[in-house]
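The primary structure of each chain is shown beneath.
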Amino acid sequence: MKTAITKMFDIKYPIIQGGMHYVGFAELAAAVSNAGGLGIITGLTQKTAAELGNEIARCKDMTDKPIGVNLTFLPTLSPPDYPAYVKEIIKGGIKVVETAGRNPSQVMPHLKDAGIKVIHKCTSVRHALKAQEIGCDAVSVDGFECGGHPGEDDIPNMILLPRAADELEIPFVSSGGQVDGRSLVASLAMGAEGMNMGTRFIATQEAPVHINVKNAIVAASELDTRLVMRPLRNTERVLANASSDRLLDKEKTLGADLKFEDIVEEVAGVYPKIMIDGEMDAGVWSCGMAAGLINDIPTCKELIDRIMREAEDIIKQRFDSMAG
Ligand SMILES: Cc1cc2nc3c(=O)[nH]c(=O)nc-3n(C[C@H](O)[C@H](O)[C@H](O)COP(=O)(O)O)c2cc1C
């Protein structure tokens, strides 16, 4: 399948694995890229820029296909050394960067000078237009269904994607709630040039996370995610667990007085405990409503081949049989 995104990123299939904290290590990115998609290493999971350089090198030992790096711009008082991370990205020969969170304009000139394609992930049409304006090559349009930070507008992809198609000139991919061939065909129908998946790629053989995490996704239904941190305007969609219960209780009790310090134990530094040690109630962790559509733990190749097969069947058989 050829789309503006497969051509732009030089990949076989229009399927991207979004950056994921403590999930997007070299093993997963290489497996996705080897299967014909675009695998992405999560930049800030590496504690220093030098460690990101090593992770890129490790990934390149596992694949000769294009890989990307995610750079997330967090609302924080002590920001990471982004210029140093960008240097390692350029030194590592990375050709695609997925930016997310705040406006990435501070790194755009360096990335563009190095010939790197930038796909900015955002949750509203106005942010997508801003990304286009500052020179991003593509956007990932992340609907309300998504795992992680859906923003504060709460617009699901059934509305957000066609709205993006109506407004944008640069290509975009769908993100949030995407899992299978049906998702891909629907995304293409709504004007996207491919799709980005997070939660679906965690429940794969190669995702280097504890089996408890994969099993929790398989066991979850579409009713099992919660929105936390809304009162702080930093909404995150997470899997419901004892930690999200504690956090939501605090939100209810403290109301408008809630501060980040009140919930810090549930959110700060919890990812290694969950993703590596499999302590499923150690804190909150991002998970999309897509969990309700995930019932197995295939290899990345099995997953991507299945998606492409399903998409082809829908287009060639289901649609054809409806014609006339
Ligand atoms: C466990 C987890 C961690 C994530 N961490 C990040 C991150 O560090 N940076 C980022 O830009 N997006 C992050 N995301 C969002 C994904 O890249 C992607 O946009 C999202 O998962 C898409 O929604 P889906 O889960 O329904 O596929 C994370 C998602 C999950 C599930």
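Residues numbered from 1 in each chain as written. Predicted model: local features only at pLDDT ≥ 70, side-chain atom pairs only at ≥ 80, totals over all residues.

**Regarding the overall build of the chain**
The condition that has to hold: Each helix corresponds to a stretch of at least 4 residues labelled H or I by DSSP, and each strand to a stretch of at least 2 residues labelled E; elements are numbered beginning at the N terminus. As defined in this context, the radius of gyration uses C-alpha atoms, and a globule is described by 2.2 Å times the residue total to the power 0.38. Two residues form a contact once the distance between their C-beta atoms, set from the backbone, is within 7 Å.
On a plain count of helices and strands, the chain comes out with 14 helices and ten strands. Its C-alpha atoms give the chain a radius of gyration of 19 Å, near enough to 20 Å, the size a compact globule of 324 residues would have. Taking all contacts inside the chain whose residues are at least 6 apart in sequence as the whole, residues at least 24 apart take part in 64%.

**Focus: the sheet that holds strand β1 (residues 15–17)**
Here is the rule: Any two strands between which DSSP finds at least two bridges are classified as paired. Here an angle of 0 to 180 degrees is reported between the N-to-C directions of two axes, which are lines fitted to C-alpha atoms, with helices fitted over the stretch in contact.
Across the sheet, eight strands lie side by side as β1-β8-β7-β6-β5-β4-β3-β2; this open sheet has parallel pairing. Of all the strands in the sheet, the pair left with one neighbour each is β1 and β2 (39–42). With strand direction ignored, the average angle separating the axes of adjacent strands in the sheet is 30 degrees. Looking at chain direction, strand β7 (residues 172–175) and strand β8 (residues 195–197) are connected through two bridges and run parallel. Residue pairing across strands places S174 opposite M195, the latter belonging to β8. Here helix α2 (residues 26–34) sits on the sheet in contact with β1, β2 and β3 (67–73), set at roughly 165 degrees to β2.

**Points about the domain arrangement of the chain**
The condition that has to hold: Boundaries between domains were set according to an automatic or database domain assignment.
Examined at the domain level, the chain breaks down into domain 1 (4–208) and domain 2 (211–289). Summarising the inter-unit geometry, the C-alpha centres of domain 1 and domain 2 are found 23 Å apart. Contact residues are listed per partner, giving 19 residues for domain 1 and 16 residues for domain 2.

**Digging into the packing of α2 against helix α3 (residues 49–62)**
The description of two helices packed together rests on the angle between their axes and the distance between the axes. To keep it simple, the criterion reads: For any pair of crossing helices, the crossing counts as left-handed if the nearer helix is rotated counterclockwise from the farther one by less than a right angle, and right-handed if it is rotated clockwise. Residues are sorted three ways: Asp, Glu, Lys and Arg are charged, Ala, Val, Leu, Ile, Met, Phe, Trp, Tyr, Cys and Pro are nonpolar, and all the rest, Gly among them, are polar.
Two numbers describe how α2 lies on α3: the axes approach to 9 Å, and their chain directions differ by 35 degrees. Taken as a pair, α2 and α3 cross one another with a handedness that is right-handed. Contact with α2, carried on its side by A26, A29 and A30, involves E55, R58, C59 and M62 of α3 and no other residues of that element. Residue composition of the contact of α2 with α3, grouped by class: five nonpolar, no polar and two charged.

**Concerning the nonpolar core**
Put simply, the test is: To define a nonpolar core, we join buried Ala, Val, Leu, Ile, Met, Phe, Trp, Tyr and Cys residues through C-beta atoms within 7 Å and take the resulting set. Field definition: a residue is buried when 20 or more other C-beta atoms are found within 10 Å of its C-beta, exposed when 12 or fewer are, and partly exposed for counts in between, with C-beta atoms placed from the backbone.
Formed by 90 residues in total, the largest nonpolar core has its most connected members in A29, I41, V97, V139, I202 and I217. In terms of domain composition, this core takes at least three residues from each of domain 1 (4–208) and domain 2 (211–289).

**Some points on the site of the ligand**
We apply this condition: The criterion for a residue being near a molecule or strand is a backbone-placed C-beta atom within 6 Å of that molecule or strand.
Of all residues adjacent to the ligand, which total 29 residues, the nearest are G18, A100, G147, G198 and G288. Going through the elements one at a time, β3, β8 and α9 (199–202) are the ones with two or more residues in the shell around the ligand. In terms of residue class, the shell around the ligand is built from eight nonpolar, 17 polar and four charged. Domain assignment of the residues forming the shell around the ligand places at least three in each of domain 1 (4–208) and domain 2 (211–289).

**Thoughts on unusual backbone geometry**
With phi around 60 degrees, D154 is a residue other than glycine that occupies positive phi space. With respect to the helices and strands, the residue D154 is situated in the loop between β6 (138–142) and α7 (157–167). The exposed category is assigned to D154, around which 12 C-beta atoms lie within 10 Å. Phi at R233 is positive, roughly 55 degrees, even though this residue is not glycine. As for its placement among the helices and strands, R233 is situated in the loop between β9 (225–228) and β10 (236–239).

**Some thoughts on helix α10 (residues 211–219)**
As a reminder, the rule being used: An arc is given here, and it is the one of the directions from the helix axis to the C-beta atoms.
All of the buried residues in α10 are V213, A216 and I217. One side of α10 holds all its buried residues, which, seen down the axis, span an arc of 100 degrees. Along α10, the residues that are exposed and aim more than 90 degrees away from the buried face are I211, V218 and A219. Lining the buried residues of α10 we find α9, β10 and α13 (271–276).

**Brief notes about the packing of helix α8 (residues 181–189) against helix α14 (residues 300–322)**
Defined as follows: When an angle is under 35 degrees it counts as roughly parallel; over 145 it counts as roughly antiparallel; between 65 and 115 it counts as roughly perpendicular; any other value is oblique.
At a minimum axis separation of 7 Å, α8 and α14 run at an interaxial angle of 55 degrees. Relative to α14, α8 is oriented oblique. As for how α8 packs across α14, the hand of that crossing is right-handed. Between α8 and α14, the residues in contact are G181, R182, L184 and V185 and I307, R309, E310, A311, I314 and I315, respectively. Looking at side-chain class alone, the contact of α8 with α14 contains six nonpolar, one polar and three charged residues.

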